[in-house]
Amino acid sequence: MPHASLMDRRLSSQRTTFKKMDACVWCFGCFCGSEAQPLPVGLGSAAAALTGEAAQAAAAVAAAVAAQTPAKQQPPPDIKSAAAAPRPPVLTAEPVDPVAAGTTLALVKSAGFQAGNFAEFYLDGKKIMISGPASNRGVNVVIIDPQTKRVVSGKCYDTWANPTDGNRLLASEINQLPDGHVVMVALKDSGMENLDPGTLAALRSLGATMLTEKLRERDSYALVGVKGGAALAEGRPQRLSDSVEIEGTLPCAVSAPNFPFSMAALPGGHEPKKLPGGQDVKAVLAQGEKMGFSVDGMKAGSQPKGGAGGFQQQPTPVQQQQQQRAPGGFQPGLAGSVRPQGSPAGITG
């Protein structure tokens, strides 16, 4: 059996050689964790020639080494790169400048006769000027087109002196407007006590809620309305002696024009048809003529004395003394006075 013994000694010598190499032949890395070294060419040829029990033992050792070798750690993330990455935009609820947002602040002022007697409109502090008959008495109206962003018109309707024409024209003006138009209203002096149901309904189409019935005579009223929508602002005082002032933000950028709007006289004129209290002017004048009074309040056929309109100015005490006639009809102290004819002295002046 000498041949078998010789083969056993050779295999045993080869196992001992591989054990001393710490399995670097198979895993290219030792158990101490050092970097793997390239396998020599000659040794690689010897390893490739191994078969049988030696090859299986070497494979088992390589698997055990791979299981005990710690996994290579990944490098930490780059903090600078993560911080420099773009962030998505964040929506905030911060207040926006009204001018930048394309809006306009509207201011409307109204005062009846006893509260100051005015009607004024402002856009971002600039006044809208209106020139109309009877000093703009009655319902003043300014119309703004939000599509063209301009003031379309500025008018006044004297519904105090001429309710017939004033109501008809005002209601027609509002009813023919497209939805979305902004309408500002301010009353001056008086006139909304004469509005008829059709005109009141037209104003309510602008979002007005305080016009369920006629207002008081010489009342104050202001409105910033939207045709077919809700009013932006509305105001009316409790007392006739108080004026009203309201503000509303318009949904468009518009400025007041540099020229005044001119309003023509109403077709039926601006003389009142009825006096305060509902009395008809013509009926009162006719009754006065039957009693012998003319238009100026004097008796028919008499000459007015004193100032204009038949108003007789009362003389002062000095004038009364100077007007006393002296004996003979002479009026002393009056320039240009003459003695009447037939006086005792016979002087005829």
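See the structure printed just above.
None of these values were measured; they are calculated from a predicted model.

This part is about the pairing of strand S6 (residues 150-157). For a regular strand, the rule is simple: side chains alternate between the two faces of the sheet. With 7 bridges joining them, strand S5 (residues 138-145) and S6 adopt antiparallel strand pairing. Across the sheet, the residue bridging to Ile144 is Val151, located in S6. As consecutive antiparallel partners, S5 and S6 are separated by 4 residues, and within that stretch Lys149 has a phi angle of approximately 55 degrees, a positive value.

Let us now look at the pattern of salt bridges. Here the structure, examined in full by the defined rule, presents 7 salt bridges. Where Arg168 meets Asp165, a salt bridge forms, and the shortest distance between an N and an O atom there is 3.2 Å. With Arg168 and Asp165 both in helix H6 (residues 163-175) and 3 residues apart, the pair spans about one turn of that helix. Judged by relative accessible area, Asp165 falls into the buried class, the value being 10%. Linking Arg216 and Asp219 is a salt bridge whose minimum nitrogen-to-oxygen distance equals 3.0 Å. One salt-bridge network, in which partners are shared between bridges, spans Arg216, Asp219 and Arg236.

Bringing H6 into the picture now. Taking 1.5 Å per residue, 13 residues should reach 18 Å; H6 reaches 18 Å between its end C-alpha atoms and fits that length. Listed in full, the buried residues belonging to H6 are Asp165, Gly166, Asn167, Leu170, Ala171, Glu173 and Ile174. In this structure, the buried side of H6 is in contact with S5, S6 and helix H7 (197-204).

A few words on the packing of aromatic side chains. One pass over the structure, following the stated rule, counts 1 aromatic pair. Judged by centre distance (5.5 Å) and plane angle (65 degrees), the rings of Phe259 and Phe261 are edge-to-face. Its guanidinium or amino end placed over the ring of Phe113, Arg218 lies 4.1 Å from that ring's centre, counting from NZ or CZ.

Moving on: the pairing of strand S7 (residues 182-189). Of all 8 residues making up S7, 8 are buried, and the element is well covered by its neighbours. The pairing of strand S1 (residues 104-112) with S7 spans 2 bridges and is parallel. Within the sheet, the bridge partner assigned to Gly112 lies in S7 and is Asp189. Across 7 bridges, S5 lies against S7 in antiparallel orientation.

What counts and how
What you see as residue numbers is a count from 1 along each chain, following the sequence as written. Per-residue local features of the predicted model are confined to residues with pLDDT of at least 70, and side-chain atom pairs are confined, for both listing and counting, to 80 or more; whole-chain, interface and lining totals are unaffected and use all residues. The side-chain numbers reported here are obtained from all heavy atoms of the structure, hydrogens and water having been left aside. Strands pair, by our definition, only if DSSP identifies at least two bridges between them. Every helix listed is a DSSP run of H or I at least four residues long, and every strand listed is a run of E at least two residues long, numbered separately from the N terminus. In what follows, salt bridge is the name for a side-chain nitrogen of Lys or Arg lying within 4 Å of a carboxyl oxygen of Asp or Glu. Each residue's exposure class comes from its accessible area (1.4 Å probe, protein chains only) as a fraction of the maximum for that residue type: buried when under 20%, exposed when over 50%, partly exposed otherwise. In this scheme, a helix's expected span is set at 1.5 Å multiplied by one less than its residue total. Any two residues having at least one pair of non-hydrogen atoms within 4.5 Å are treated as being in contact. Here a pair means two rings of Phe, Tyr or Trp (six-membered ring of Trp) with centres within 6.5 Å. Their orientation is stacked below 30 degrees between planes, edge-to-face above 60, and tilted elsewhere. Placement of a positive charge over a ring is assigned whenever Lys NZ or Arg CZ falls within 6 Å of the ring centre and within 35 degrees of the normal to the ring plane.

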